[in-house]
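One-letter residues, chain by chain:
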Amino acid sequence: MLAFFFATLGSLFSVVNPLGAVPMYLTLTNDYTARERAATARRTSLYFMLILVVFFFAGTLILNFFGISLNALRIAGGLIIVNSGYGLLNSKFERRRMTSKMEQEAQQKDDISFTPMAMPMLSGPGSISLLIGYSAANLGWQNSLLIIGVVAVMALLIFVILHYAPLLFRLLGRAGLSALSRIMGFLVMAIGIQLLIYGLVSLIGDIWPQVELMRK
């Protein structure tokens, strides 16, 4: 169970990549006081946790409502995560999750914690599809509680990273954060490819008996 917890946390941290959100966060909170920035970091982490927990518990309902199979979700989610990882490798994390128009709108908002920070900057399609996939896999109540714990720990890590974003930026700089994002991009692409392969293998496994029956 401990191995499952850390494996899930590693996957979610790589897909969310809160370090990649630091430059944009500092840009949007440039005129904030330390207290306002801390409050924004706290609200962002809480909104992030709420969004992912809701999608996790509603995952099966969402798939059933739209008639989407688990294998189709894994394949689509794998493609999205691979695309996200490719963006990280090419240092296009910010522009892939938030356009310049969205940035301009965010600079005029009084509160950026829900949008654009919690969504789509942190809880984007990749992390949401990952949580829905876990939900639809029917892992049992113990593993489900572990996943909720992973989301809570991830929210705490986001709060710490955003709270100390100015310090991290001074220590690492844009080049250092970009280098870390590229490493994350490699891991994210590996996660996406693994999810894609798993979905394709499961799909072929479901279809193959029917093909054999048709051949007979």
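Residues numbered from 1 in each chain as written. Predicted model: local features only at pLDDT ≥ 70, side-chain atom pairs only at ≥ 80, totals over all residues. Heavy atoms only, no water.

(A) Just the overall build of the protein, in detail. When its secondary structure is counted, the protein shows ten helices and zero strands. Along the protein, helices and strands appear, N-terminal first, in the series α-α-α-α-α-α-α-α-α-α. Rg of the C-alpha trace for the protein: 19 Å, near the compact-globule value of 17 Å for 216 residues, within the 12% margin. In the protein, once contacts between residues fewer than 6 apart in sequence are set aside, the share between residues at least 24 apart is 88%. Looking at the protein as shown, the accessible area adds up to about 11,600 Å², and 67% of this sits on carbon and sulfur atoms. Here the protein contributes 16 positive and 9 negative side-chain charges, whose respective centroids are spaced 6 Å apart. (Helix = DSSP H or I, 4+ residues; strand = E, 2+ residues; numbered from the N terminus. Rg over C-alpha atoms; globule rule 2.2 N^0.38 Å. Contact = heavy atoms within 4.5 Å. Areas by Shrake-Rupley, 256 points an atom, 1.4 Å probe, with all protein chains shown as cover. Lys, Arg positive; Asp, Glu negative; His and termini not counted. Charge placed at Lys NZ, Arg CZ, Asp CG, Glu CD.)

(B) Representation of the confidence of the model for the protein within the structure. With 90% of its residues at a pLDDT of 70 or more, the protein has an overall mean of 85. Confidence, expressed as mean pLDDT per element, reaches its minimum in the protein at helix H5 (residues 93–97) with 58 and its maximum at helix H9 (residues 141–163) with 93. (pLDDT = per-residue confidence, 0-100.)

(C) The arrangement of the packing of helix H3 (residues 34–66) against H9 in detail. For the pair H3 and H9, the least separation of the axes is 8 Å and the interaxial angle reads 160 degrees. As the angle between them shows, H3 and H9 are arranged roughly antiparallel. Crossing hand, H3 versus H9: right-handed. Residues Ala-38, Ala-41, Arg-42, Thr-44, Ser-45, Phe-48, Met-49, Leu-52, Val-53, Phe-56 and Phe-57 of H3 touch H9, and the partners they reach there are Ser-144, Ile-147, Ile-148, Val-151, Ala-152, Met-154, Ala-155, Ile-158, Phe-159, Leu-162 and His-163. (Axes fitted to C-alpha atoms, helices over the stretch in contact; angles between N-to-C directions. Parallel < 35°, antiparallel > 145°, perpendicular 65-115°, else oblique. Left-handed = near helix turned anticlockwise from the far one by under 90°.)

(D) How the structure looks around the packing of H3 against helix H7 (residues 113–122). Between H3 and H7, whose axes approach to 9 Å, the crossing angle comes to 50 degrees. In terms of their interaxial angle, H3 and H7 are classed as oblique. Here the hand of the crossing between H3 and H7 comes out right-handed. The residues of H7 that touch H3, namely those facing Thr-40, Arg-43, Thr-44, Tyr-47, Phe-48, Ile-51 and Phe-55, are Ser-113, Phe-114, Met-117, Ala-118, Met-119 and Leu-122. Taken together, the residues of the contact of H3 with H7 break down into nine nonpolar, three polar and one charged. (Nonpolar A, V, L, I, M, F, W, Y, C, P; charged D, E, K, R; others polar.)

(E) Region of the structure containing the pattern of salt bridges. Within this structure, the stated rule accounts for one salt bridge. The partner of Arg-43 in a salt bridge is Asp-111, with the nearest N and O atoms 3.3 Å apart. Taken together, the residues span a long stretch of sequence, with Arg-43 in helix H3 and Asp-111 in the loop between helix H6 (100–107) and H7 at a distance of 68 residues. (Salt bridge = Lys/Arg side-chain N within 4 Å of Asp/Glu carboxyl O.)

(F) View of the packing of aromatic side chains. Evaluation of the coordinates by the stated rule reveals five aromatic pairs. Relative to Tyr-134, the ring of Phe-4 lies with its centre 6.3 Å away and its plane at 75 degrees, an arrangement referred to as edge-to-face. Of this pair, Phe-4 sits in helix H1 (residues 2–16) while Tyr-134 sits in helix H8 (residues 125–136), placing them 130 residues apart in sequence. For Phe-4, a relative accessible area of 24% puts it in the partly exposed group. Pairing Phe-56 with Phe-57 gives two aromatic rings, centres 5.5 Å apart and planes at 70 degrees, and the pair type is edge-to-face. On the basis of relative accessibility, which here comes to 57%, the residue Phe-57 falls in the exposed class. (Phe/Tyr/Trp six-rings, centres within 6.5 Å; stacked < 30°, edge-to-face > 60°. Buried < 20%, exposed > 50% of the residue type's maximum accessible area, 1.4 Å probe, protein only.)

(G) Local environment of the nonpolar core. Ranked by internal contacts, the top residues of the largest apolar core, which has 48 residues, are Leu-12, Phe-48, Met-117 and Met-154. Within the residue set of this core, elements represented by two or more residues are H1, helix H2 (22–28), H3, helix H4 (70–89), H7, H8, H9 and helix H10 (165–215). Looking at this core element by element, the count peaks at ten residues for H9. The contacts of Met-117, once residues within four sequence positions are left out, are Ala-21, Tyr-25, Leu-28, Thr-44, Ile-112, Leu-122 and Leu-162. (Core = buried A, V, L, I, M, F, W, Y, C linked by side-chain atoms within 4.5 Å.)

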